[in-house]
Amino acid sequence: QVQLVESGGGSVQAGDSLRLSCVANGGTFSRYAMGWFRQAPGKEREFVATISWSGVTTYYRDSVRGRFTISRDNSRNRAYLQMNSLNPEETAVYYCAASKGVATTNDDKYEFWGRGTQVTVSS
């Protein structure tokens, strides 16, 4: 069983940057694909970014590509999401998730989820 805990959320101004972290315990972290998802009030959960277990393969939703960077440090059992030039529309609870399969945009393929961290972006 893998347990995930997100951190690094907070309140920032539009255009600012923020780095989210996700620490994992249990399982074999280095063999799990990791993903980041977010859910804004009144909205469905949406895919943000994912990274393969090796770190070679990454995918981003179109709206964040070029501004967000997903990474991982298997020696520390951590995944990260660097978010630059944040927009107020990106205010949401951000979740990290782990998949035993390949990196995917489909949240149904992620077996383990953190409880989320709030990101608030003000104008």
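Look up: the structure comes first, before these words.
**Some points on the overall build of the chain**
Regarding its fold elements, the chain presents 0 helices and 11 strands. When the elements of the chain are put in sequence order from the N terminus, they spell out β-β-β-β-β-β-β-β-β-β-β. On C-alpha atoms alone, the chain measures out to a radius of gyration of 13 Å, which is about the 14 Å that the 2.2 N^0.38 rule sets for 123 residues. For the chain, the C-alpha atoms occupy an extent of roughly 40 × 25 × 25 Å along the three principal directions. Out of the 123 residues belonging to the chain, those deemed buried represent 42%. When the accessible surface of the chain is split by element, carbon and sulfur atoms take 42% of a total near 6,400 Å².

**Side note on the environment of Ala-33**
One can find Ala-33 in strand 4 (residues 33-39). Since its relative accessible area comes to 1%, Ala-33 is described here as buried. Discounting residues that sit within four places of it in the chain, Ala-33 has contacts with Ile-51, Ser-52, Trp-53, Arg-72, Ala-97, Ala-98, Ser-99, Gly-101, Val-102, Ala-103 and Tyr-110.

**Here we look at the side chain of Ser-52**
Residue placement: Ser-52 occurs in the loop between strand 5 (46-51) and strand 6 (58-60). Not counting the four nearest positions on each side in its chain, Ser-52 is found in contact with Ala-33, Thr-57, Arg-72 and Ala-103.

**Brief notes about the pattern of salt bridges**
Two side chains bearing opposite charge may form a pair once their charged atoms approach each other closely. Applying the stated criterion across every chain, the model contains 6 salt bridges. Residue Glu-46 is joined to Arg-61 by a salt bridge in which the shortest nitrogen-to-oxygen separation is 3.5 Å. On the criterion of sequence distance, the pair formed by Glu-46 in strand 5 and Arg-61 in the loop between strand 6 and strand 7 (68-73) is long-range, its members being 15 residues apart. Overall, Arg-61 belongs to the partly exposed group, its relative accessible area being 25%. Residues joined in a network through salt bridges with shared partners are Arg-38, Glu-46, Arg-61, Arg-67 and Glu-90.

**Digging into the sheet that holds strand 7**
Read across the open sheet, the 4 strands follow the order 1-3-8-7; overall the sheet is antiparallel. Bordering the open sheet on either side are strand 1 (3-7) and strand 7, each of which pairs with just one other strand. Within this sheet the neighbouring strands show an average axis-to-axis angle of 15°, counted without direction. Here strand 1 runs beside strand 3 (residues 18-25); their pairing, made up of 5 bridges, is antiparallel. Looking at the pairing, Gln-3 lines up with Asn-25 of strand 3.

**Side note on the pairing of strand 5**
In terms of residue burial, strand 5 counts as a mostly covered element, since 5 of its 6 residues are buried. Where strand 4 meets strand 5, 5 bridges bridge the pair, whose relative direction is antiparallel. Across the sheet, Trp-36 pairs through a bridge with Ala-49, a residue of strand 5. The turn linking strand 4 back onto strand 5 is made up of 6 residues, and Gly-42 within it adopts a positive phi angle of 75°. Strand direction decides the pairing type here: strand 5 and strand 6, joined by 3 bridges, are antiparallel. Within strand 6, the residue paired with Thr-50 across the bridge is Tyr-59.

Rules and cut-offs
- Residues numbered from 1 in each chain as written.
- Predicted model: local features only at pLDDT ≥ 70, side-chain atom pairs only at ≥ 80, totals over all residues.
- Heavy atoms only, no water.
- Helix = DSSP H or I, 4+ residues; strand = E, 2+ residues; numbered from the N terminus.
- Rg over C-alpha atoms; globule rule 2.2 N^0.38 Å.
- Buried < 20%, exposed > 50% of the residue type's maximum accessible area, 1.4 Å probe, protein only.
- Areas by Shrake-Rupley, 256 points an atom, 1.4 Å probe, with all protein chains shown as cover.
- Contact = heavy atoms within 4.5 Å.
- Salt bridge = Lys/Arg side-chain N within 4 Å of Asp/Glu carboxyl O.
- Pairing = 2+ DSSP bridges.
- Axes fitted to C-alpha atoms, helices over the stretch in contact; angles between N-to-C directions.

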